[in-house]
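Letter by letter, the chains look like this.
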Amino acid sequence: MFSETEIHEGTTRIIVPEHPTKSIFYNPVMELCRDIDIASIAAFSSSHPNPAQLTYIDALAGTGVRGVRVANEVGLHVTINDRSTPAYELIKRNIALNAVEERATAYKENANVLLLQTNYDLVDIDPFGSPVPFLDAAAQSVKKLLLITATDTAPLCGAHTGGMRNYSARPLNTEYHAEMATRILLGAVTRELARYDKAIQPLLSYASAHFVRLIVRVEKGARKADECIERLGFIAHCFFCGHRFTFPCADMLNLNVPNTCALCGQKLRVAGPLYLHPIKAKEFCEQVHLELGNRELGKKHEALKIVHTCIHELDIPFYYEHHALCKSLKLPPTPLSSLIDALHSNGFSASRTQFSDTAVKTNARIDELKTLVKALSTEL
Ligand SMILES: C[S@@+](CC[C@H](N)C(=O)[O-])C[C@H]1O[C@@H](n2cnc3c(N)ncnc32)[C@H](O)[C@@H]1O
Ligand SMILES: [Zn+2]
């Protein structure tokens with residue numbers, strides 16, 4: 001037995017362990033992620049002719065907080081599953097507490113077994129660490145929307161080994177590690193779904209200190225899956241001057257890629273395969289922003305900030321860390337907003353990025369960026 005307490009998330013009441021236990025997992029820090037999920041699932045379902053017919057599975061549910069919230073706050077039919085007996089018992093009580101028995105069913109199964117038995121419109125995978133053990137079954141089960149968390153950000157971004165073992169991809173430990181992790185994971189998800197003739201369209205992807213969260217639309221069709229695979233590629237990075245460029249898988253296979261930096265002549269390192277196309281759909285994010293604004297949510301302010309930045313973020317892969325850039329030039333940091341303004345007035349595209357408050361996305365090359373940073377610092 002454990003001592004318990006009742007908390008609120010959104011408009012849902014949830015019984016959670018008062019202190020962390022081994023058998024039931026509840027992380028209050030993830031309320032932000034769950035608030036964004038509720039708005040995203042509501043935005044996604046609103047385009048469906050009959051949202052109440054959509055089926056959703058919270059395959060690794062813990063207390064059941066995600067699934068109960070989806071039943072209570074969005075009104076979908078939900079399956080809420082955890083293989084741990086104490087978690088399963090608590091899920092049943094949380095369903096009853098919110099009076100959503102008509103729409104919510106608890107299961108005590110291995111998530112993979114359940115996913116292989118049934119196709120769900122929406123599949124949510126929120127594991128400890130890596131989602132890899134559940135990707136194959138999730139790819140077979142999902143019909144319309146896949147939501148995935150990864151908390152194993154170290155192997156995904158190249159800070160630890162394991163990228164190749166888990167994701168069949170090589171990450172590089174660069175300044176843009178959060179986006180590296182996101183695009184490596186999206187690449188792995190693309191390949192996994194393609195095996196079942198399914199294609200993805202990323203609707204909203206973001207990262208915080210300890211996790212990456214992906215929300216992707218899924219479509220059936222061998223041709224669509226082939227087109228989706230074409231969106232994978234590599235990034236070549238020069239650790240000497242910071243220059244980088246991306247290229248599609250086909251160029252790698254044809255050995256059509258220079259191995260020295262065009263700017264400084266040093267050796268290039270290559271990361272991938274990773275997903276190089278847009279990692280969000282702007283219109284969808286705008287709908288999520290509206291949903292967030294209209295709902296009662298504990299982390300509304302932080303959630304709005306993340307989604308707002310995603311809406312305005314350039315769809316170009318990989319950002320430059322402004323502080324690292326200034327440091328490499330031995331200059332004091334200038335305000336990021338002045339750098340973005342200067343890029344715009346020099347004819348470049350530029351934006352902030354959700355991945356880092358101190359970084360810029362731009363189509364300017366590193367040498368062009370450095371010239372602008374130097375010019376700005378002399379104006380100080
Ligand atoms: C990170 S927790 C889930 C947290 C929850 N989604 C939330 O938002 O609070 C992962 C859960 O997966 C469960 N789990 C791990 N492996 C499983 C498996 N193969 N099948 C079903 N449940 C599993 C664990 O018991 C644990 O409760
Ligand atoms: Zn270089």
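If you're wondering where the values come from, they're calculated on a predicted model, not measured in any experiment.

The seven strands are arranged β5-β4-β3-β6-β7-β9-β8 in an open sheet whose pairing can be described as mixed. The open sheet has two edge strands, β5 (104-107) and β8 (198-207), and neither has a second partner. In this sheet, neighbouring strand axes are inclined to one another by 15° on average, regardless of whether the strands run parallel or antiparallel. One ladder, built from nine bridges, connects β8 with strand β9 (residues 212-220); its direction is antiparallel. Each residue of the ladder has a partner; that of I200, found in β9, is V218. Sheet contacts for helix α5 (residues 132-141): β6 (120-125), β7 (142-150) and β8; angle to β6, the most-contacted strand, approximately 165°. Packed onto the sheet, helix α9 (residues 222-229) meets β8 and β9 and runs at close to 45° relative to β8.

The next point concerns the site of ligand 1. In the vicinity of ligand 1 there are 20 residues, among which L60, G62, R83, A111 and D126 approach most closely. Here the shell around ligand 1 is composed, by residue class, of ten nonpolar, six polar and four charged.

Here the chain is described as being made up of domain 1 (4-309) and domain 2 (321-379). Computed over C-alpha atoms, the centres of domain 1 and domain 2 are 30 Å apart. Taken together, the contact between domain 1 and domain 2 spans eleven residues of the former and nine residues of the latter. Tallied by class, residues from the side of domain 1 that touches domain 2 come to six nonpolar, three polar and two charged.

Pairing of strand β10 (residues 232-237) with strand β11 (residues 244-248) involves five bridges; the strand directions are antiparallel. Residue pairing for β11: G233 is matched across the bridge by P248. The loop that links β10 with its antiparallel partner β11 comprises six residues; one of these, G242, has a positive phi angle of about 90°.

Another point: the sheet that holds β11. If you trace the three strands from one edge of the open sheet to the other, you get β11-β10-β12, paired in antiparallel fashion. Single-partner strands in this sheet number two, and they are β11 and β12 (269-275). Averaged over all adjacent pairs, the angle separating strand axes in this sheet is 25°, with direction ignored. For β10 and β12, the ladder comprises five bridges, and the chain directions are antiparallel. Bridge assignment links L232 to a residue of β12, and that residue is Y275. The strands that helix α8 (residues 177-194) touches are β10 and β12; relative to β12, the one it contacts most, it runs at about 55°.

Basis of the calculations
Residues numbered from 1 in each chain as written. Chains lettered and ligands numbered in written order. Predicted model: local features only at pLDDT ≥ 70, side-chain atom pairs only at ≥ 80, totals over all residues. Pairing = 2+ DSSP bridges. Helix = DSSP H or I, 4+ residues; strand = E, 2+ residues; numbered from the N terminus. Axes fitted to C-alpha atoms, helices over the stretch in contact; angles between N-to-C directions. Contact = placed C-beta atoms within 7 Å. Near = placed C-beta within 6 Å. Nonpolar A, V, L, I, M, F, W, Y, C, P; charged D, E, K, R; others polar. Domains from an automatic or database assignment.

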